[in-house]
Amino acid sequence: AAGMVVASQLEAGKVSAEKVVTEKAVADKAPRSKSKAKALREKKNEEPADDDIGVEGGEAYEELMKQQSFEFLFADKDGDLTLDFDEFCVLVKNREPDSSHKKSVLRARFEQMDTNNSGSIELAEYLQARLREALARARDKVFNLFTKWDADGSGKIDQEEFREALKMMGFPLSQHESAILFDIFDPDGSGDIEYKELNKMLRQGTSKIRKA
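Residues numbered from 1 in each chain as written. Predicted model: local features only at pLDDT ≥ 70, side-chain atom pairs only at ≥ 80, totals over all residues. Heavy atoms only, no water.

Engineer: Just give me the short version of the pattern of salt bridges, but keep the residues and values in it.
Structural biologist: Within this structure, the stated rule accounts for five salt bridges. In this structure, R109 engages E96 in a salt bridge whose closest nitrogen and oxygen atoms are separated by 2.9 Å. Highlighted residues: R109 in helix α5 (residues 103–113) and E96 in the loop between α4 (85–95) and α5, separated in sequence by 13 residues. (Salt bridge = Lys/Arg side-chain N within 4 Å of Asp/Glu carboxyl O. Helix = DSSP H or I, 4+ residues; strand = E, 2+ residues; numbered from the N terminus.)

What follows is the structure, encoded as structure tokens:
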């Protein structure tokens, strides 16, 4: 139908032959461009890895992380976004009120989370541990999280998308704080987090957590 209209316009002298050729080329190319873009999107959307399994009957990942956020901010009495040993002890005792808490055991747990041996648990260190812990108890797959965090559908998560994902989980980090954690999840330094990187980082240690 569109071709008949163009033909009639050409006959009536309303459009030039050159314009008709140009418009026809654009029209012929459009469907192919669309299908090419669709194929590109499908290529970027990888399949979930074999170990990417949600926990049957588990909770929603983001809800678990919001609880983790509340616990951290509540324990961080001086508001410096780090936990010293005393603050860490408060956090653990609030989380596990029915457990016995020997100081030696608490110290060992504190040092395990303090990966850079700074003498305090920074928010990035806490988040790295809790992101994995939440995944070990959540019904969500990393693939589902990745798709949700990848707001522009590019097949990769950039720093701004990562920061927005953390904000949704209750962690309103500054750009600098978010960048520190982002670098941990982007070991190749590409500036983007790919699904395989995210799955590998979040899956490390989750089998051990599930058994605990």
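Engineer: Explain the packing of aromatic side chains to me, and be specific about the residues and the numbers.
Structural biologist: Applying the stated criterion across every chain, the model contains eight aromatic pairs. Aromatic side chains F146 and Y195 sit 6.0 Å apart centroid to centroid with 70° between the ring planes, which places their arrangement in the edge-to-face category. With F146 in helix α7 (residues 142–149) and Y195 in helix α10 (residues 195–203), this residue pair connects regions lying 49 residues apart in the sequence. Taking the relative accessible area as the measure of exposure, Y195 reaches 4% and is therefore buried. Look at F162 and F182: their rings are 5.6 Å apart centre to centre, the planes differ by 75°, and that puts the pair in the edge-to-face class. With F162 in helix α8 (residues 159–168) and F182 in helix α9 (residues 175–185), this residue pair connects regions lying 20 residues apart in the sequence. Here the aromatic residues F85, F88 and F110 are joined through ring pairs into a cluster of three or more. Of note, K77 hangs over the ring of F74, and the distance from its end group to the ring centre comes to 4.1 Å. (Phe/Tyr/Trp six-rings, centres within 6.5 Å; stacked < 30°, edge-to-face > 60°. Buried < 20%, exposed > 50% of the residue type's maximum accessible area, 1.4 Å probe, protein only. Lys NZ or Arg CZ within 6 Å of the ring centre and 35° of its normal.)

Engineer: How would you sum up the nonpolar core? Please name residues and give values.
Structural biologist: One finds Y61, F171, F185 and L198 to be the most contacted residues of the largest nonpolar core, which totals 43 residues. For this core, the secondary structure elements donating two or more residues are α3 (61–75), α4, α5, α6 (123–137), α7, α8, α9 and α10. Here this core takes seven residues from α6, the largest share from any one element. For F171, the contacting residues outside a window of four places in its chain are M65, Q68, S69, L123, Y126, L127 and L166. (Core = buried A, V, L, I, M, F, W, Y, C linked by side-chain atoms within 4.5 Å. Contact = heavy atoms within 4.5 Å.)

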